Amino acid sequence: MWTDFPLFPARAANFADKVDPLYFFLVAVTVFFSVGIFLTITVFAIKYRRSVHPQAEQIKGSLAVEATWTIIPLGIALFIFVWGAAVYYSYGAPPKNALRVYGTAKQWMWKFQHADGQREINELHVPVGQDVAVTLISQDVIHSFFVPAFRAKMDVLPNRYRTVWFRPTRTGTYHLFCAEYCGTAHSGMIGWVVVMEPADYEVWLAAGGEGSLASSGEKLFRHFGCISCHRADKGARGPDLAGLYGREVHFQDGSTRIADENYLRESILAPKAKIVAGWQPIMPVFQGQVNEEQMLELIAYIKSLNQNPLNVNPNAPVPDEEQRKRNPQVEPQVIRP
Ligand code: CUA
């Protein structure tokens, strides 16, 4: 019977070892004080009952007692705070070499895209023993990615990428929930995380997918005409994107920031929000033209340029302004190394 009614989720990822002790400590502190308070109430109710003490006795307070009941709980609270913060920080920083998966949440489903091009709905396949970082965004309202067996939970917001990571430690199939009320079918927004042996995972990965995320992104990069401005040669009318990801970018107003996923996304949807120093604000707005899945593909492509820069043939004719107006898809010949 108890297998159908589990009192505690399976422990299937690295964070179980960090989150569970903290959780049990909180439960222990709560039980200790609850029991203590109720015992005191009961004992005092009997000991000082009216038939024994008909006349209440005034007491004047005691600094020592008050200081004790202030300092001890303060110490306990700070201890919990420091412990919790330590767990939280290890949670918030995905390891650099983690396997990257991208997820889109929408009313009422989960969609995942793997770097190799595999796509899945309400299922997420991951290898055991490997760090996995899932970068998430919502297409509509706030959702929350929650895998109890991994102790992994992250709010999924519209307009902002957030990354949750975990290292599965046991193969198996585990519940994925949406843990933020998001509308009528919120309770149906569930799925499964399938943790596989690395070899099985490779087989699974090879079984499907229409080209990698980056290659789909490259197609979009051409389709939207990005390539006619973002180039390394003399035809460039916008910054070259090779090596951009992860680098510090300098803006016209003197500010800087690291080019992460959120920056790339903003620059595509609202290019005038931040103008890169040395360039004109001529890029059209792509708000409403690129959906979240396409955005992830474009970003994957821009990231891939760090290892594999786009080569534009320097001898190819550069489309001039007139040509561009007549046919915005005109683009120079591109050679892949
Ligand atoms: Cu999505 Cu609740």
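Caption draft 1: Structural detail: helix H5 (residues 261-269). Summarising burial for H5: seven of the nine residues are buried, a large majority. Three or more residues of H5 are buried, namely Glu 261, Tyr 263, Leu 264, Arg 265, Ser 267, Ile 268 and Leu 269. Looking at the buried positions of H5, the neighbouring elements they touch are strand E1 (99-106), strand E5 (132-138), strand E11 (248-250), strand E12 (256-258) and helix H6 (292-304).

Caption draft 2: View of unusual backbone geometry. Following Gln 107, the chain continues to Trp 108 via a peptide bond in cis, the omega torsion being 0°. By secondary structure assignment, the location of Trp 108 is in the loop between E1 and strand E2 (109-114). Of note in this structure, Asn 122 is not a glycine but carries a positive phi near 55°. As for its placement among the helices and strands, Asn 122 is situated in the loop between strand E3 (119-121) and strand E4 (123-127). Given the relative accessible area of 21%, Asn 122 is considered partly exposed. Not every positive phi belongs to a glycine, and Arg 151 is a case in point at roughly 55°. Mapped onto the elements of the fold, Arg 151 is located in the loop between strand E6 (143-147) and strand E7 (152-156). For Arg 151, a relative accessible area of 8% corresponds to the buried category.

Caption draft 3: How the structure looks around the side chain of Ser 144. Tracing the backbone shows Ser 144 in strand E6. At a separation of 3.3 Å, a polar atom in the side chain of Ser 144 contacts the side chain of Asp 155. With residues up to four places along the chain from it excluded, the contact list for Ser 144 reads Trp 110, Lys 153, Met 154, Asp 155, Val 156, Phe 177, Cys 178, Ala 179 and Glu 180.

Caption draft 4: Spatial organisation of the sheet that holds E6. Sheet architecture is open: five strands sit in the order E4-E10-E9-E6-E7, paired in mixed fashion. Looking at strand neighbours, the two that pair on one side only are E4 and E7, the edges of this open sheet. Strand-to-strand twist in this sheet, taken as the mean axis angle between neighbours without regard to direction, amounts to 20°. The pairing of E4 with strand E10 (residues 191-196) spans five bridges and is parallel. In the sheet register, Pro 127 faces E10, and the bridge partner there is Met 196. Helix H3 (residues 198-206) contacts E4 and E10 of the sheet and is inclined by roughly 130° relative to E4.

What counts, and where the lines are drawn
All residue numbers refer to position in the chain's written sequence, counted from 1. Local features in a predicted model are, by the rule used here, given only for residues with pLDDT of at least 70; side-chain atom pairs are given and counted only at 80 or more, and totals for whole chains, interfaces and linings are based on all residues. Side-chain figures throughout are based on the complete set of non-hydrogen atoms in the structure, without hydrogens or water. Whether a residue is buried, partly exposed or exposed follows from its accessible area with a 1.4 Å probe, protein chains only, as a fraction of its type maximum: under 20%, in between, or over 50%, in that order. Put simply, DSSP marks the helices as runs of H or I at least four residues long and the strands as runs of E at least two long, and each gets a number from the N terminus on. Working rule for contacts: check all heavy atoms of both residues, and any pair within 4.5 Å makes them a contact. Polar contact criterion, stated in full: a pair of N or O atoms within 3.5 Å, where within protein one must be able to donate a hydrogen and the other to accept it, and residues adjacent in sequence count only if both atoms are side-chain atoms. Being paired, for any two strands, means DSSP has found at least two bridges between them. Here, axes are lines fitted to C-alpha atoms. For helices the fit covers the stretch in contact, and angles between N-to-C directions go from 0 to 180 degrees.

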